[in-house]
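# Structural features, examined
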Amino acid sequence: VALLTPELRARLAQLAQIDLSTVSAAVFGEDAPALEVEWALYIYQTLRSATGAPVTREKETTLPLVDAVSRNLVLVGTPESNPLIKAVEAQLPASFTKLRKGHGLVAQVKDPTGYKGTVWLIVTGADTYGVERAASDFLYRYWRFAKEAVPFRKGMPPVEGSWMGTEPERSIPR
């Protein structure tokens with residue numbers, strides 16, 4: 001605990017105030033490296049399982065404009081790989097510019113598009129490995145408290161990529 005700087009304590013307290021059940025999508029850049037896309041998938045699956053919210057996983061190019069402007073999002077990647085992170089780069093903490101390769105951070109940007117009450121959670125790093133480090137740290141810290149927090153909601157569509165057995169080309173062999 002003594003290793004936490006005042007800035008880190010403030011950022012952790014800020015993150016604890018975010019209601020992750022209001023996140024509508026985990027968003028990665030269209031040309032993002034595979035590792036960043038995978039971590040966006042892990043975040044999407046974790047939020048969906050833990051909160052029961054109908055979270056989606058989107059490329060920044062397929063995200064509906066209304067969602068980008070008015071919804072709470074988790075953006076995954078670097079300013080080079082995700083244009084939405086590039087758009088709010090100036091609003092990231094000053095420590096972002098000092099990150100070394102392989103190091104990352106999770107930061108909150110309030111009202112990023114001017115739409116009152118929206119929050120973007122930025123999972124970023126100096127490079128792809130920094131994004132991986134920030135995303136894994138975020139998930140491991142969050143999951144400890146969320147894994148039993150909310151039961152899965154009935155009636156939600158299946159998780160992306162899951163097999164329901166109702167697709168004709170995937171029917172159970174007889």
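To be clear, the structure that these remarks concern was listed above.
Per chain, residues are indexed from 1 in the order of the written sequence. At least 70 in pLDDT is required for a residue's local features to be given in this predicted model, at least 80 for side-chain atom pairs to be given and counted, and no such filter applies to totals for whole chains, interfaces and linings, which use all residues. With hydrogens and water excluded, all non-hydrogen atoms of the structure serve as input to the side-chain values.

## Some words on helix α2 (residues 34-51)
- Helix and strand labels come from DSSP, where a helix needs a run of H or I of at least four residues and a strand needs a run of E of at least two; each type is numbered from the N terminus. Expected span of a helix, by definition, is 1.5 Å for each gap between consecutive residues, and there is one gap fewer than residues. Between its first and last C-alpha atoms α2 spans 26 Å; for 18 residues at 1.5 Å apiece the expected length is 26 Å, and the two agree.
- All of the buried residues in α2 are E36, W39, A40, I43, Y44, T46, L47, R48, A50 and T51.
- In the stretch just after α2, G52 is the one whose phi turns positive, near 80°. Between buried and exposed lies partly exposed: a residue is buried under 20% and exposed over 50% of the maximum accessible area for its type, with that area taken using a 1.4 Å probe on protein chains only.

## Digging into the side chain of N82
- With respect to the secondary-structure elements, N82 resides in the loop between β3 (72-76) and α4 (83-87).
- Think of a polar contact as two N or O atoms within 3.5 Å of one another; within protein, one of them needs to be a possible hydrogen donor and the other a possible acceptor, and neighboring residues in sequence only count if both atoms come from side chains. A distance of 3.2 Å separates a polar side-chain atom of N82 from the backbone oxygen of V27.
- In this structure the side chain of N82 is engaged in a polar contact, spanning 3.2 Å, whose partner is the backbone oxygen of V76.
- Residues contacting N82, with those up to four places away along its chain left out, are V27, F28, G29, E60, L75 and V76. Throughout, a contact is declared for two residues whenever any of their heavy atoms are within 4.5 Å.

## Focus: a nonpolar patch on the surface
- On the surface, a cluster of nonpolar side chains totalling about 300 Å² of accessible area is made up of L65, V69 and Y115.
- Given the relative accessible area of 44%, Y115 is considered partly exposed. Like-charged residues within 9 Å of one another, or nonpolar side chains (Val, Leu, Ile, Met, Phe, Trp, Tyr) within 5 Å, are grouped into patches, provided each residue has over 30% relative accessible area and no salt bridge. Note on areas: Shrake-Rupley with a 1.4 Å probe; residue coverage comes only from the protein chains shown. We count a salt bridge whenever a side-chain nitrogen from Lys or Arg sits within 4 Å of a carboxyl oxygen from Asp or Glu.

## Side note on unusual backbone geometry
- Residue D111 is not a glycine yet carries a positive backbone phi of 45°.
- Inspection of the secondary structure puts D111 in the loop between β4 (104-110) and β5 (119-125).
- By relative accessible area, D111 is classed as partly exposed at 25%.

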